[in-house]
2 protein chains.
Amino acid sequence: METIALAEVAAVLADPSRATMCLVLLDGRAWTVGELAKAAGIALSTASEHVTRLVDAGFVARVKQGRASYVRIADPRVAELIEHLAQHAEHRPVTGLKSSVRVRRLGFARTCYDHLAGLVGVALRDGMLAEGLVSTDAGLTLTGRGHEVLGELGVPVPDGRRALLRDCLDWTERRDHLAGALPAALLERAVDAGWVAAEGNRAVKVLPAAEKPFAALGVDLAALQP
Amino acid sequence: METIALAEVAAVLADPSRATMCLVLLDGRAWTVGELAKAAGIALSTASEHVTRLVDAGFVARVKQGRASYVRIADPRVAELIEHLAQHAEHRPVTGLKSSVRVRRLGFARTCYDHLAGLVGVALRDGMLAEGLVSTDAGLTLTGRGHEVLGELGVPVPDGRRALLRDCLDWTERRDHLAGALPAALLERAVDAGWVAAEGNRAVKVLPAAEKPFAALGVDLAALQP
DNA sequence: GGGTCGCTTCGGCGGCCGCCGAAGCGACCG
DNA sequence: CGGTCGCTTCGGCGGCCGCCGAAGCGACCC
């Protein structure tokens with residue numbers, strides 16, 4: 001019986017249109033049904049049906065606002081599940097030509113649901129390790145120094161149920177970057193403080209103000225330019 | 001393009017027969033194609049086709065031995081992915097009547113791929129936390145005392161790429177138990193040392209010899225009997 | 001070497017599901 | 001209070017895919 005549940009959940013993501021929707025929703029924003037239809041290249045009516053199914057499966061939430069209907073990922077755990085699955089999917093040969101163009105545009109800095117990824121994301125992981133802010137001795141952990149430095153930068157260290165730090169294989173870099181509650185808080189702080197700014201879909205622009213705080217995290221942005 | 005990859009991977013698990021196969025394979029053993037066919041309730045020919053597809057997708061490995069053909073999960077990361085998906089699947093209402101009977105049989109102690117789960121698995125997490133062997137201060141980590149105690153028990157602390165400790169929502173207990181490289185090493189030691197013995201599919205029998213080592217891990221087995 | 005056994009491959013059937021356009025339905029705009 | 005706009009629902013079409021039994025193919029047994 002329980003086994004059927006697994007198949008049902010997988011079936012929801014097994015359709016290319018629904019998969020596309022989930023992936024674009026990983027940018028953390030709320031999309032209208034019409035936008036999702038366009039992104040997936042299908043009729044509005046079909047998109048609406050897909051959204052219904054994603055809602056029923058608990059993957060996304062639909063919030064009506066006036067005559068529009070906004071769709072967003074239901075909760076961070078779902079985002080992590082989709083990322084996990086996408087990681088496995090990208091774990092093999094690949095890749096087309098067109099995608100490499102898109103990847104170029106997104107490669108330097110981008111968001112992965114609610115945290116930084118791309119070249120900058122990977123450098124952040126390396127830098128924080130090198131500075132001793134995080135440790136991999138027994139799983140990924142934040143060190144005492146890490147607590148201090150983040151405090152000085154105005155990044156609150158979350159203490160909820162969600163894992164503080166997780167490795168997340170980067171789609172473009174093929175190396176791990178940091179995911180979890182802490183990187184999410186870091187991105188939020190970075191946007192608030194004007195260190196970075198969201199550009200397009202998932203692209204992120206790194207602003208000059210980022211230089212100092214990122215240096216404190218072990219990242220030399222000047223040496224990193226593409 | 002990349003989006004299609006996600007859908008393809010999900011599609012592999014979206015079939016009830018293949019999902020069943022993957023779930024039974026979570027016991028870590030190698031199954032023959034015939035056994036899998038019986039478990040899924042389908043013809044041998046169909047099962048063979050499913051196995052081929054699971055192999056192509058990188059979920060399982062097929063190793064020929066004489067005229068038999070053994071199938072097992074391809075690697076621990078795959079097992080974690082399937083568990084992750086199954087967790088999401090079981091995250092809702094549920095449950096039939098028949099399944100509760102099966103659950104009863106498996107509830108006390110069972111394996112979850114390569115580590116202990118069930119009531120004992122949950123108690124292990126609680127006990128190790130209470131004894132200060134693991135900590136949740138910044139993600140799940142093994143403490144210094146944890147290293148010591150495990151050393152005394154003859155459990156080697158792995159240092160590979162795989163995460164040492166992870167929370168894993170228990171299907172039967174609806175609470176977390178410990179997964180990851182360390183719980184896997186613990187189970188292996190427990191079997192070798194005769195603390196526990198594998199019974200049926202995923203059921204585990206806890207032997208008298210388990211009392212002392214489990215007490216060291218903060219678990220009072222006598223108080224735990226079902 | 002003939003017989004059996006376990007698995008794989010092949011052909012063909014049947015059902016499910018994703019697709020669209022048309023129609024229905026609120027919400028907002030004048 | 002008609003008109004438009006965004007979304008949802010409905011009916012029907014078409015293709016894909018999981019299913020089986022039959023046939024093919026090695027490996028083992030005697």
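Everything below is about the structure printed above this text.
Residues numbered from 1 in each chain as written. Chains lettered and ligands numbered in written order. Predicted model: local features only at pLDDT ≥ 70, side-chain atom pairs only at ≥ 80, totals over all residues.

Engineer: It is not clear to me how the overall build of chain A should be interpreted in this structure. Could you clarify?
Structural biologist: Scanning chain A from N- to C-terminus turns up ten helices and eleven strands. Across chain A, contacts joining residues at least 24 apart in sequence account for 52% of those joining residues at least 6 apart. (Helix = DSSP H or I, 4+ residues; strand = E, 2+ residues; numbered from the N terminus. Contact = placed C-beta atoms within 7 Å.)

Engineer: When you look at the protein's contact with DNA strand C in this model, what are you seeing that I'm missing?
Structural biologist: If you check the shell around DNA strand C, you find 22 residues, and the closest are Gly 66 of chain A together with Thr 32, Gly 34, Ser 45 and Ser 48 of chain B. Secondary-structure elements contributing two or more residues to the surface near DNA strand C are helix 4 (44-56) of chain A together with helix 3 (33-40), helix 4 (44-56) and strand 3 (68-73) of chain B. Considering every element that reaches the surface near DNA strand C, the biggest residue donor is helix 4 of chain B, with six residues. (Near = placed C-beta within 6 Å.)

Engineer: It is not clear to me how the nonpolar core should be interpreted in this structure. Could you clarify?
Structural biologist: Note on soluble globular proteins: their nonpolar side chains tend to be buried together. The biggest cluster of nonpolar side chains holds 62 residues, and the ones touching the most others in it are Leu 6, Ala 10 and Leu 85 of chain A together with Leu 6, Ala 10 and Leu 85 of chain B. Each residue touching Ala 10 of chain B, except ones within four places of it in the same chain, is listed here: Ala 10, Leu 13, Ala 14, Ala 19 and Leu 85 of chain A. (Core = buried A, V, L, I, M, F, W, Y, C linked by C-beta atoms within 7 Å. Buried ≥ 20, exposed ≤ 12 C-beta atoms within 10 Å, placed from the backbone.)

Engineer: Is there a simple way to think about the packing of helix 2 (residues 16-25) of chain A against helix 3 (residues 33-40) of chain A in this case?
Structural biologist: Geometry of a packed helix pair, given as the angle between the helix axes and the separation of the axes. Residues and elements named next belong to chain A. Their axes nearest at 9 Å, the elements helix 2 and helix 3 cross at an angle of 115 degrees. The handedness of the crossing between helix 2 and helix 3 is right-handed. Across the interface between the two elements, Ser 17, Thr 20, Met 21 and Val 24 from helix 2 touch Leu 36, Ala 39 and Ala 40 from helix 3. Of the residues in the contact of helix 2 with helix 3, the class split is five nonpolar, two polar and no charged. (Axes fitted to C-alpha atoms, helices over the stretch in contact; angles between N-to-C directions. Left-handed = near helix turned anticlockwise from the far one by under 90°. Nonpolar A, V, L, I, M, F, W, Y, C, P; charged D, E, K, R; others polar.)

Engineer: Got a minute to help me understand the protein's contact with DNA strand D in this structure?
Structural biologist: For DNA strand D, the set of nearby residues contains 22 residues, the closest of which are Gly 34, Ser 45 and Ser 48 of chain A together with Ser 45 and Gly 66 of chain B. No other element matches the six residues that helix 4 of chain A contributes to the surface near DNA strand D. The class makeup of the residues in the surface near DNA strand D is six nonpolar, eleven polar and five charged.

Engineer: Can you help me understand the sheet that holds strand 1 (residues 31-32) of chain B in this one?
Structural biologist: For sheets, the rule is that strands pair by backbone hydrogen bonds, running either parallel or antiparallel. All names here are of chain B. Spatial ordering of the open sheet is given by 1-3-2, a layout of three strands whose pairing is antiparallel. Each edge of the open sheet carries a strand with a single partner, namely strand 1 and strand 2 (60-65). With six bridges connecting them, strand 2 and strand 3 associate as antiparallel partners. Paired with Val 60 across the two strands is Ile 73, which belongs to strand 3. Those strands touched by helix 4 are strand 2 and strand 3, and its axis lies near 120 degrees from that of strand 2. (Pairing = 2+ DSSP bridges.)

Engineer: What's the story with the sheet that holds strand 2 (residues 60-65) of chain A in this structure? I'm lost.
Structural biologist: All names here are of chain A. Taking strand neighbours across the sheet as the criterion, the three strands line up as 1-3-2 in an open arrangement whose pairing is antiparallel. On the outer flanks of this sheet lie strand 1 (31-32) and strand 2, each paired with one strand and no other. As paired strands, strand 1 and strand 3 (residues 68-73) are joined by two bridges and run antiparallel to one another. If you follow Trp 31 over to strand 3, its bridge partner there is Val 71.

Engineer: What exactly am I supposed to notice about helix 4 of chain A here?
Structural biologist: Each full turn of the α-helix corresponds to 3.6 residues, which orients residues three or four apart in the same direction. All names here are of chain A. Under the 1.5 Å per step criterion, the end-to-end length of helix 4 is 19 Å for 13 residues, consistent within 8% with the ideal 18 Å. Regarding helix 4, the residues found buried are Ala 47, His 50, Val 51 and Leu 54. Angular distribution of buried residues about the axis of helix 4 spans 105 degrees; they occupy a single face of the element. Seen from the buried face of helix 4, the exposed residues on the opposite side, beyond 90 degrees, are Ser 45 and Asp 56. (Expected span 1.5 Å × (residues − 1). Arc of directions from axis to C-beta.)

Engineer: What exactly am I supposed to notice about helix 8 (residues 144-152) of chain B here?
Structural biologist: Residues and elements named next belong to chain B. Within helix 8, burial applies to Gly 146, Val 149 and Leu 150. Looking down the long axis of helix 8, one finds its buried residues gathered within 95 degrees of arc, a one-sided arrangement. Seen from the open side of helix 8, the exposed residues pointing more than 90 degrees away from its buried face are Gly 144, Glu 148, Gly 151 and Glu 152. Tucked into the core, helix 8 has its buried residues touching helix 7 (118-130), strand 6 (134-135), strand 7 (141-142) and helix 10 (211-216). Looking one or two residues beyond helix 8, the residue adopting positive phi is Gly 154, at roughly 80 degrees.

Engineer: Teacher, can you tell me more about the packing of helix 3 of chain B against helix 4 of chain B here?
Structural biologist: Residue and element names in this part refer to chain B. Two elements in contact, helix 3 and helix 4, have axes separated by 9 Å at closest approach and are oriented at 105 degrees. Considered as vectors, helix 3 and helix 4 are oriented roughly perpendicular to each other. On helix 4, the residues that touch Val 33, Gly 34, Leu 36, Ala 37 and Ala 40 of helix 3 are Leu 44, Ala 47, Ser 48 and Val 51. (Parallel < 35°, antiparallel > 145°, perpendicular 65-115°, else oblique.)

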